[in-house]
Amino acid sequence: MDTHDHKTSKKRALLVLNCILLTLGSCGGPMLGRLYFLHGGKRVWFSSCRLTASWPVILIPITINYYMQRRNSTPSSPTKTMLFSIKPPILLAAAVIGVLTGLDDYLYVYGVARLPISTSSLIIASQLVFTAGFAFLLVKQKFTSYSINAVFLLTIGAGVLALHTSNDLPNNESNKQYMLGFLMTLAAAALYGFVLPLIELTYKNVKQKLTYSLVMEIQLVMCFFATALCTLGMLINKDFQAIGRQAKEYELGEAKYYVVVVANSLTWQCFFMGSIGVIFCTSSLLSGILIAVLLPITEILAVIFYGEKFQAEKGVSLALSIWGFVSYFYGEIKHSKAKENEAKQENEMPQLSGHRSMIV
């Protein structure tokens, strides 16, 4: 019993840690990405590459875990320790998901470059719809009336943003560019809505013990291949030759250019690590929900720091989004309470049966 409680506490602590990482990435990633474009940054493939380019950072916790396992190994109870435990089938699956992630990064950055952050963030909220749909198809996710209501409200909320787009146009941008950015961001939401359940499906089909260390290895492989795809795009688009020139022309200064680039890459790594960590602890649907839940925070930050407009359409969309979030979590609370009651009744039944037999 104590062992079970210890495992439960450990998993909850891990879930909290990944929620914190997801929060840092969901809020900091879009903010710093927009800062790059607002002050002279123009390279889409380079910005896409930044999202996963800090993948070597994952080697730090993997290495620490490896040495901790070796230290805990004793002659009386030796344990086989390896720096990497990922097997070829999982590596291949992670590589495919990584390529899809790289493509999603490009679609997302293309949209962010052309839309105010408050608008792009609300469009990304529609990702939950796609996550829910693909979770149902790929991992047989069960739905309640509350989760269906949440998905419906978030869909309507994202659709409201398509109205009166001319009032939201950034300076020196045409309606055509705005709509293209809108569609690209929506495509990014759809693709990442597919990627999250695909990661959960990969977890379910792992033919080896699924540990958090293995999850970090999967993340490492995903980010490596996503970065490789975006690096190829940079080579074709000749982004490498333009980085130095762009840094010198950056409005905030050359030093701050590189600070923004590095900080943006690290925050996005927090996002990816947090999202797949939440999937490991719970499900892809909850990961999608949490990404959407952080939307109001990003909205407020964009209005405060970038002075972005907050028209009536965004207000309606935000209200519908919050309504959807509340609906989902209320349903989850009711569902968990119902499961607890069922478990209590099942535990009481054997005791009652034993008592009756004694009477007889």
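Because the structure is a prediction, the values reported are computed rather than measured.

## Side note on a nonpolar patch on the surface
So, point 1. A contiguous nonpolar patch, built from V57, I60, I64, M68, V262 and L266 and spanning about 530 Å² of accessible area, is present on the exposed surface.
So, point 2. Of all the elements in the fold, those that place two or more residues in the nonpolar patch are helix 3 (59-72) and helix 11 (254-281).
So, point 3. Ranked by the residues each element gives to the nonpolar patch, the list is headed by helix 3, at three residues.
So, point 4. Note that L266 resides in helix 11.
So, point 5. Given the relative accessible area of 40%, L266 is considered partly exposed.

## Brief notes about unusual backbone geometry
Note on backbone geometry: most residues besides glycine have negative phi, and most peptide bonds are trans.
So, point 1. With a phi angle near 60 degrees, K238 is a residue other than glycine that sits in the positive phi range.
So, point 2. Inspection of the secondary structure puts K238 in the loop between helix 9 (212-237) and helix 10 (239-249).

## Things to note about the UniProt feature "transmembrane region" (unreviewed entry) in the protein chain
So, point 1. Following the UniProt record, one finds the feature "transmembrane region" (unreviewed entry) at residues 12-32, 89-109, 115-139, 146-166, 178-199, 211-237, 257-281 and 288-306.
So, point 2. End-to-end, the C-alpha atoms of residues 257-281 are 36 Å apart, and along that stretch the chain is 100% helix and 0% strand.
So, point 3. With 95% helix and 0% strand, the stretch residues 288-306 has end C-alpha atoms that lie 26 Å from each other.

## Some remarks on the packing of helix 10 against helix 11
So, point 1. Two elements in contact, helix 10 and helix 11, have axes whose closest approach is 7 Å; the angle formed by their N-to-C orientations is 120 degrees. With respect to their mutual orientation, helix 10 and helix 11 come out oblique. Relative to helix 11, the crossing made by helix 10 is right-handed. Mapping the contact onto sequence places I243, G244, Q246, A247 and K248 in helix 10 and E254, Y257 and Y258 in helix 11.

## Description of the environment of G102
So, point 1. Among the secondary structure elements, G102 is positioned in helix 4 (residues 88-112).
So, point 2. Expressed as a C-alpha distance, the spacing of G102 and C223, which sit 121 residues apart in the sequence, is 8.0 Å.
So, point 3. Sequence-distant contacts of G102, defined by excluding residues within four places in its chain, comprise A226, L229 and C230.

## Observations concerning the packing of helix 9 against helix 11
So, point 1. Taken N-terminus to C-terminus, the directions of helix 9 and helix 11 make an angle of 135 degrees; their axes are 10 Å apart at the nearest point. With respect to each other, helix 9 and helix 11 are oriented oblique. Of the two possible hands of crossing, helix 9 and helix 11 adopt the one that is right-handed. Mapping the contact onto sequence places Y212, V215, M216, Q219, M222 and C223 in helix 9 and Q269, F272, M273, I276, G277 and F280 in helix 11.
So, point 2. Taken together, the residues that form the contact of helix 9 with helix 11 break down as nine nonpolar, three polar and no charged.

## What about the nonpolar core?
So, point 1. By size, the foremost hydrophobic cluster in this structure holds 66 residues, and its most contacted members are Y108, I199, Y203, I218 and Y257.
So, point 2. Among the secondary structure elements, those contributing two or more residues to this core are helix 1 (2-38), helix 2 (44-50), helix 4, helix 8 (175-204), helix 9, helix 10, helix 11 and helix 12 (284-293).
So, point 3. For this core, the leading source of residues is helix 11, giving twelve residues.
So, point 4. Excluding residues that lie within four positions of it along the chain, Y108 makes contacts with P30, L51, I124, A188 and W268.

## Here's the deal with the confidence of the model for the protein chain
So, point 1. Looking at the protein chain as a whole, the pLDDT averages 83, with 86% of positions reaching at least 70.
So, point 2. Of all the helices and strands in the protein chain, helix 14 (residues 312-359) carries the lowest mean pLDDT, 70, while helix 9 carries the highest, 95.

What counts, and at which threshold
- Residues numbered from 1 in each chain as written.
- Predicted model: local features only at pLDDT ≥ 70, side-chain atom pairs only at ≥ 80, totals over all residues.
- Heavy atoms only, no water.
- Patch = residues over 30% accessible without salt bridge, like charges linked within 9 Å, V, L, I, M, F, W, Y side chains within 5 Å.
- Areas by Shrake-Rupley, 256 points an atom, 1.4 Å probe, with all protein chains shown as cover.
- Salt bridge = Lys/Arg side-chain N within 4 Å of Asp/Glu carboxyl O.
- Helix = DSSP H or I, 4+ residues; strand = E, 2+ residues; numbered from the N terminus.
- Buried < 20%, exposed > 50% of the residue type's maximum accessible area, 1.4 Å probe, protein only.
- UniProt positions renumbered as here; feature names shortened; annotations may be inferred.
- Axes fitted to C-alpha atoms, helices over the stretch in contact; angles between N-to-C directions.
- Parallel < 35°, antiparallel > 145°, perpendicular 65-115°, else oblique.
- Left-handed = near helix turned anticlockwise from the far one by under 90°.
- Contact = heavy atoms within 4.5 Å.
- Nonpolar A, V, L, I, M, F, W, Y, C, P; charged D, E, K, R; others polar.
- Core = buried A, V, L, I, M, F, W, Y, C linked by side-chain atoms within 4.5 Å.
- pLDDT = per-residue confidence, 0-100.

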